[in-house]
Amino acid sequence: MTERFGSYQNEIYLQGLGGQLPPCSTDATKLEASAREIMAAGPFSYVAGAAGSGATARANREAFDRWRIVPRMLTGATDRDLATTVLGTRLPAPVAVAPVGVQSIVHPDAESATARAAASVGLPFILSTASSTGIEDVAAANGDGPRWFQLYWPGDNDVCASLLTRAKNAGYTALVVTLDTWTLAWRPSDLDQAYLPFLKGEGCAVPFTDPVFRGLLEKTPEEDLNMAILRWIGMLTGTDRTWDQLPFLREHWDGPIVLKGIQHVGDARRAAEAGMDGIVVSNHGGRQVDGALGALEALPGIVAAVGDRMEVLFDSGIRTGADVLKALALGARAVLVGRPWVYGLAHAGEDGVRHVLRSLLADFDLTMGLSGHRTLADLGPDSVQRT
């Protein structure tokens, strides 16, 4: 039976009769403001901050506002089926939990809480290489839930191969390779506070639990934390990869490979020519290049160029069910959502993440029905209009 995500609103109203309110707002556009009130300044700025003036992060939201949904009537949309298959994974809805690193600065349960919440609603959890929790521990928390692994590509090939082998052995089925963060952008919100959690060992659990990486150290991270941190940071940053290096990933990963951070049609075509299984049209939520175009602006052209050859996913700026609908109407196979559930994690741990994800799915489900769409196949360019 198709899951009725929209029924979450009935659950909230009924719980309200007993005086129980949601753990945080059902309006994802308000979560940043409420999270600011409860998070320490450094962690909040790290999550909410963007590159430079923040122009790209603003452009992401402005791009969504330029597209408007055009509702249709009398379509029999009482019952809706939002299920789909993405990168070989059968999903109840076209939404994935975006990779977000160093979740320990947000909540002590960190990635384990998010992995449990994602599994409870059936959405893929994408583990960041910059996780505060080890690959295997997150897999255990995720249980039977779908999970993918996001790679920040280390400079040492043996370490990279080891990470990929561990992820495969732990049940991660797709590889999401982030291309746009081979070094940190100029981020004033972090710089003004001199706040970089990795320098304290936060977000380093993946390498610190890796036998190959540990074998490169004279002393273990437990014995000499600072040297381990410096070795890892030097391995992870400062080198931009090239297209001719992609075969290394295919050699060490036999599942779907997706390139994240694509915004130019030419790069999308090169990804298809390189035999990649998909791309994520993304500007990293505005965290890397100040003054770049809103990610949604790049989506239609990229879909037109390569949508028949590979799966095109989307992230950067998703906040509401309407946002999900717009991205899908413009050709995305699925969307990745990030900051809203991170703020949910800050508010109430696993319960907060689950609430934010269920709220997004309910909003999307109801928006689909009320705009006259029964299935994802009903969505297309005529479902939206640019203003």
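Note that the structure is a prediction, hence the values are computed from the model and not measured.

Criteria and cut-off values
- Residues numbered from 1 in each chain as written.
- Predicted model: local features only at pLDDT ≥ 70, side-chain atom pairs only at ≥ 80, totals over all residues.
- Heavy atoms only, no water.
- Axes fitted to C-alpha atoms, helices over the stretch in contact; angles between N-to-C directions.
- Helix = DSSP H or I, 4+ residues; strand = E, 2+ residues; numbered from the N terminus.
- Parallel < 35°, antiparallel > 145°, perpendicular 65-115°, else oblique.
- Contact = heavy atoms within 4.5 Å.
- Nonpolar A, V, L, I, M, F, W, Y, C, P; charged D, E, K, R; others polar.
- Disulfide = S-S within 2.5 Å.
- Buried < 20%, exposed > 50% of the residue type's maximum accessible area, 1.4 Å probe, protein only.
- UniProt positions renumbered as here; feature names shortened; annotations may be inferred.
- Phe/Tyr/Trp six-rings, centres within 6.5 Å; stacked < 30°, edge-to-face > 60°.
- Lys NZ or Arg CZ within 6 Å of the ring centre and 35° of its normal.
- Expected span 1.5 Å × (residues − 1).
- Polar contact = N/O pair within 3.5 Å; in protein donor to acceptor, adjacent residues only side chain to side chain.
- Salt bridge = Lys/Arg side-chain N within 4 Å of Asp/Glu carboxyl O.
- Pairing = 2+ DSSP bridges.
- Right-handed = clockwise from strand over helix to strand, strands pointing away.

### Details of the packing of helix α2 (residues 31–38) against helix α16 (residues 339–370)
Orientation of α2 relative to α16, taken along the N-to-C sense of each, is 95°, at an axis distance of 8 Å. Judged by the inter-axis angle, α2 sits roughly perpendicular to α16. Where α2 abuts α16, its residues Leu31, Glu32, Ser34, Ala35 and Ile38 lie against Pro340, Tyr343, Ala346, His347 and Val356. The residue makeup of the contact of α2 with α16, split by class, is seven nonpolar, two polar and one charged.

### Section: the state of the cysteines
Using the criterion set out here, one finds zero disulfides in the structure. There is no disulfide at Cys204, and the cysteine sulfur nearest it, in Cys160, is 17 Å away. The exposure class of Cys204 is buried, given its relative accessible area of 0%.

### Here's the deal with the UniProt feature "domain: FMN hydroxy acid dehydrogenase" (unreviewed entry) in the protein chain
Per the UniProt record, "domain: FMN hydroxy acid dehydrogenase" (unreviewed entry) is annotated on residues 20–387. Structurally, residues 20–387 is divided into 42% helix and 12% strand, and its ends, taken at the C-alpha atoms, are 40 Å apart.

### Some thoughts on the packing of aromatic side chains
Going through the model one piece at a time under the given rule, you end up with six aromatic pairs. Among the aromatic residues, those joined into a ring-pair cluster are Phe208, Phe213 and Trp232. Sitting over the face of the ring of Tyr172, Arg147 holds its NZ or CZ atom 5.5 Å from the ring centroid. Over the aromatic face of Tyr46 sits the side chain of Arg287, whose NZ or CZ is 4.9 Å from the ring centroid.

### Considering unusual backbone geometry
Its identity is not glycine, yet Val102 carries a phi of approximately 45°, on the positive side. Along the chain, Val102 falls in the loop between β4 (95–97) and α5 (110–121). The backbone of Ala194 shows a phi angle near 50°, a positive value even though the residue is not glycine. With respect to the element layout, Ala194 can be found in the loop between α8 (188–191) and α9 (205–208). A relative accessible area of 71% places Ala194 in the exposed class.

### Details of helix α7 (residues 157–169)
In this model, α7 (13 residues) spans 18 Å end to end at C-alpha, consistent with the 18 Å of a helix rising 1.5 Å per residue. Looking at α7, one finds that the buried residues are Val159, Cys160, Ala161, Ser162, Leu163, Leu164, Arg166 and Ala167. The N-terminus of α7 is capped by Asp156, whose side-chain oxygen sits 2.9 Å from the backbone nitrogen of Asp158. Positive phi appears at Gly171, one or two residues downstream of α7, with a value of about 90°.

### A word on the pattern of salt bridges
According to the stated counting rule, one finds 15 salt bridges in the structure shown. Of the charged contacts in the structure, one is a salt bridge between Arg61 and Asp323, with a shortest N-O distance of 2.9 Å. With Arg61 in helix α4 (residues 55–65) and Asp323 in helix α15 (residues 321–329), the pair connects residues that are 262 residues apart, well separated along the chain. The exposure class assigned to Arg61 is partly exposed, which follows from its relative accessible area of 24%. Asp277 is the partner of Arg250 in a salt bridge, and the nearest nitrogen-oxygen pair spans 3.0 Å.

### Section: the pairing of strand β9 (residues 278–281)
Where burial is concerned, the two faces of β9 agree: the one with Gly278 and Val280 and the one with Ile279 and Val281 are both buried. Pairing geometry for strand β8 (residues 257–262) and β9, over four bridges, is parallel. When the bridges of β9 are listed, Val258 appears paired with Gly278. With helix α13 (residues 265–273) bridging β8 and the parallel β9, this β-α-β connection has right-handed handedness.

### Description of the environment of Ile69
For Ile69, the location among the structural elements is in strand β1 (residues 67–69). Among residues more than four places away in sequence, those in contact with Ile69 are Ala322, Leu325, Lys326, Thr367, Ser371, Ser383 and Val384.

### Some words on the packing of helix α1 (residues 8–17) against α16
Interaxial distance between α1 and α16 falls to 9 Å at its minimum, and their mutual angle equals 125°. The orientation of α1 relative to α16 falls into the category oblique. Taking contact as the criterion, the partners of Tyr8, Gln9, Glu11 and Ile12 in α1 are, on α16, His355, Arg358, Ser359, Ala362 and Leu366. Here the contact of α1 with α16 is built from residues that sort into four nonpolar, three polar and two charged.

### Observations concerning the side chain of Thr133
Of note, Thr133 is situated in the loop between β5 (125–127) and α6 (135–142). Looking at Thr133, its side chain comes within polar contact range of the side chain of Glu111, at 2.8 Å. Beyond its immediate chain neighbours, meaning those up to four positions away, Thr133 contacts Ala110, Glu111, Ser112, Val138, Ala205 and Val206.

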